[in-house]
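Residue-level structure breakdown
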Amino acid sequence: MRRWLSLVFLLVVVLLVAWAGYQGYARLRALEGQVTALANRVQVQEQALKALGERVGKLEEEVFKAPAPPLSLPEVPGAPSAPAWPYALGVVVVAVLLFFLLQLLRGNRGKKEGEAQETPPPQENLEASRMEDEGAPPPKKE
């Protein structure tokens, strides 16, 4: 009985090893199929890249054959000019100041000429004009 039991056990172990080997073989075949598919994809992509390389080469030939303007330095941009409004404002301010200065000088000259032509008013006239300024009625002229 023991012998039969060891034979059955040996048979089970052999079957398990055979089953595991078959599973490994099946997986290996599946991986080989995937590797073959990937190799085919790489080959197709390689051919596509070669075709694109040829097209790029043709385009480069056309570009280099086409006449092109000679290379030169880029144009120098113009320097930005200062705005004009501060200068215009300065001219207007100077003109206004000159106007007021001339008015001031003309006013002083007019007062000096007026004082020179007039005789100094008597004291009574000063008092009468001061009283009129404060609201008194004008004196009667005789």
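As a convention, each chain's residues are numbered from 1 in the sequence order in which they are written. pLDDT decides what is reported in this predicted model: residues at 70 or higher carry local features, side-chain atom pairs at 80 or more are listed and counted, and totals for whole chains, interfaces and linings draw on all residues regardless. Hydrogens and water molecules were not included; the side-chain quantities draw on all heavy atoms of the structure.

Only runs of H or I of at least four residues qualify as helices and only runs of E of at least two qualify as strands under DSSP, and these elements are numbered from the N terminus. Check the secondary structure of the chain and you find three helices and zero strands. Listed by position from the N terminus, the elements making up the chain come as α-α-α. The buried share of the chain, taken over its 142 residues, is 0%. Only the protein chains shown count as cover for residues, and all accessible areas are computed by the Shrake-Rupley method using a 1.4 Å probe. If you sum the accessible surface of the chain, you get close to 14,400 Å²; carbon and sulfur atoms cover 66% of it. Partly exposed residues are those whose accessible area sits between 20% and 50% of the maximum for their type, while under 20% is buried and over 50% is exposed, using a 1.4 Å probe and protein chains only.

Between side chains of opposite charge, pairing is possible as soon as their charged atoms come close. A pair is scored as a salt bridge if a Lys or Arg side-chain nitrogen falls within 4 Å of a carboxyl oxygen belonging to Asp or Glu. The full count for this structure, using the stated rule, is two salt bridges. Its salt-bridge partner being Arg29, residue Glu32 comes within 3.7 Å of it at the nearest N-O pair. Here the residue Glu32 and the residue Arg29 both occupy positions in helix 1 (residues 2–65), the gap between them amounting to three residues, near one helical turn. When its relative accessible area of 39% is taken as the criterion, Glu32 is described as partly exposed. With its nearest N and O atoms 3.7 Å apart, the salt bridge here joins Glu46 to Lys50. Placement of the pair is Glu46 and Lys50 together in helix 1, with a separation of four residues, close to one helical turn. Its relative accessible area of 53% is what places Lys50 among the exposed residues.

Residues qualify for a patch when their relative accessible area is over 30% and they have no salt bridge, like charges being joined within 9 Å and the nonpolar side chains of Val, Leu, Ile, Met, Phe, Trp and Tyr within 5 Å. On the surface, Val94, Leu98, Leu101, Leu102, Leu104 and Leu105 cluster together to form a nonpolar patch covering roughly 560 Å² of accessible area. Judged by relative accessible area, which is 46%, Leu98 ranks as partly exposed.

What pLDDT reports is the predictor's confidence in each residue, on a scale of 0 through 100. Per-residue pLDDT for the chain has a mean of 84; in total, 87% of the residues score no lower than 70. The weakest mean pLDDT in the chain belongs to helix 3 (residues 123–133) at 73; the strongest belongs to helix 1 at 93.

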